[in-house]
Amino acid sequence: MLKRFWKITVAVFSSFVLSACGIYLNHIPSPMLESIKIKKPVSIMVADVGDLRYGEYPNRVGQGVSFWLPLSFYAYDSSGRYLPVSYYISKSLSEDLTKIGYNAKLANPDEKRIPLTPDEALAIAERENTDYLITVKTKEGKTNFWGFLIIPFAEPVWTKIAMECKLFEMGRRKGESEFETQRKKTEWYFGKITILDAIFDAGLFGKYWHETAWGKTVVSDALAEAAQKISEKIESLNQGSRSKDLVLKIWE
């Protein structure tokens, strides 16, 4: 009787859990952006130039094991369209740069949502006459959970994100600056309704875990950190340019 009960339970909740594998990402800028101040709203082109994650589907954001069943979570936008991770990262970074005052936009066409080559990105930025180009490579990005860990009423969900950004000065073409941003965090959520496993948890809460980590907390904080590094470099370059202009005016 008990054996039959567990078979029915697994069958019912397996179908329920599997239906939760698509998540809808909506980027919410981190409060960290509020502390970033700029002096000149220059134009910036942001370009997704690749997803370097090994062995990953372009839109997979997380994996875990629930009741010994492997589960994967895949990203879509609010309208249900396929959302590659590297495209989401780059688009969200452009939104953050816009929020702090820059005139930023994404180079990648929305209809295809595939990475550009660095040369393609440079050509677009030059054609659009932007002041700076930022290329973004997504090196790591995944959320994991393990439902079979015997931790009563709590579920550890950890997320890791790493991106490499290069900043090009388009007007003078005097080289580039490179920034790497990494962030890893374990978030604890209420779960383990059955105490021993998370078969119920993943179906009920798995989408929320991933949407929160990618849309609001871990990934948003990493993007804010990248935006801060980029802003600091741009502001220092602009300050240097203003100082040179002042020297030239005095000399004249």
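Residues numbered from 1 in each chain as written. Predicted model: local features only at pLDDT ≥ 70, side-chain atom pairs only at ≥ 80, totals over all residues. Heavy atoms only, no water.

1. What about the pattern of salt bridges?
We apply this condition: The term salt bridge refers to a side-chain nitrogen of Lys or Arg lying within 4 Å of a carboxyl oxygen of Asp or Glu. The numbering of helices and of strands both runs from the N terminus, where a helix is a DSSP run of H or I of at least 4 residues and a strand a run of E of at least 2. Three exposure classes are used, based on accessible area relative to the maximum for each residue type with a 1.4 Å probe and protein chains only: buried under 20%, partly exposed in between, and exposed over 50%.
Enumeration over the complete set of coordinates arrives at 14 salt bridges. Between aspartate 77 and arginine 113 there is a salt bridge, and its shortest N-O distance comes to 2.9 Å. You can see aspartate 77 sitting in the loop between strand E4 (69-76) and helix H2 (85-99) and its partner arginine 113 sitting in the loop between strand E5 (103-106) and helix H3 (118-127), a full 36 residues away along the chain. In this structure, aspartate 77 and arginine 113 share a single accessibility class: buried. Because the salt bridges share partners, they merge into one network encompassing Asp77, Arg81, Asp110 and Arg113.

2. A short note on the environment of serine 92
Position of serine 92 relative to the elements: it lies in helix H2. On the basis of relative accessible area, serine 92 is assigned to the buried category, the value being 1%. Along the chain, serine 92 and valine 219 lie 127 residues apart, while their C-alpha atoms are 9.7 Å from each other.

3. A word on the packing of aromatic side chains
We count it as follows: When two rings of Phe, Tyr or Trp (its six-membered ring) have centres within 6.5 Å they constitute a pair, described as stacked for plane angles under 30 degrees, edge-to-face for angles over 60, and tilted for the intermediate range.
Applying the stated criterion across every chain yields a total of six aromatic pairs. With centroids separated by 6.0 Å and ring planes inclined at 65 degrees, the aromatic side chains of tyrosine 57 and tyrosine 74 adopt a geometry described as edge-to-face. Highlighted residues: tyrosine 57 in the loop between strand E2 (43-51) and strand E3 (60-66) and tyrosine 74 in strand E4, separated in sequence by 17 residues. The exposure class of tyrosine 74 is partly exposed, given its relative accessible area of 21%. By the ring-pair criterion, three or more aromatic residues cluster together here, those being Phe73, Phe145, Tyr189, Tyr208 and Trp209.

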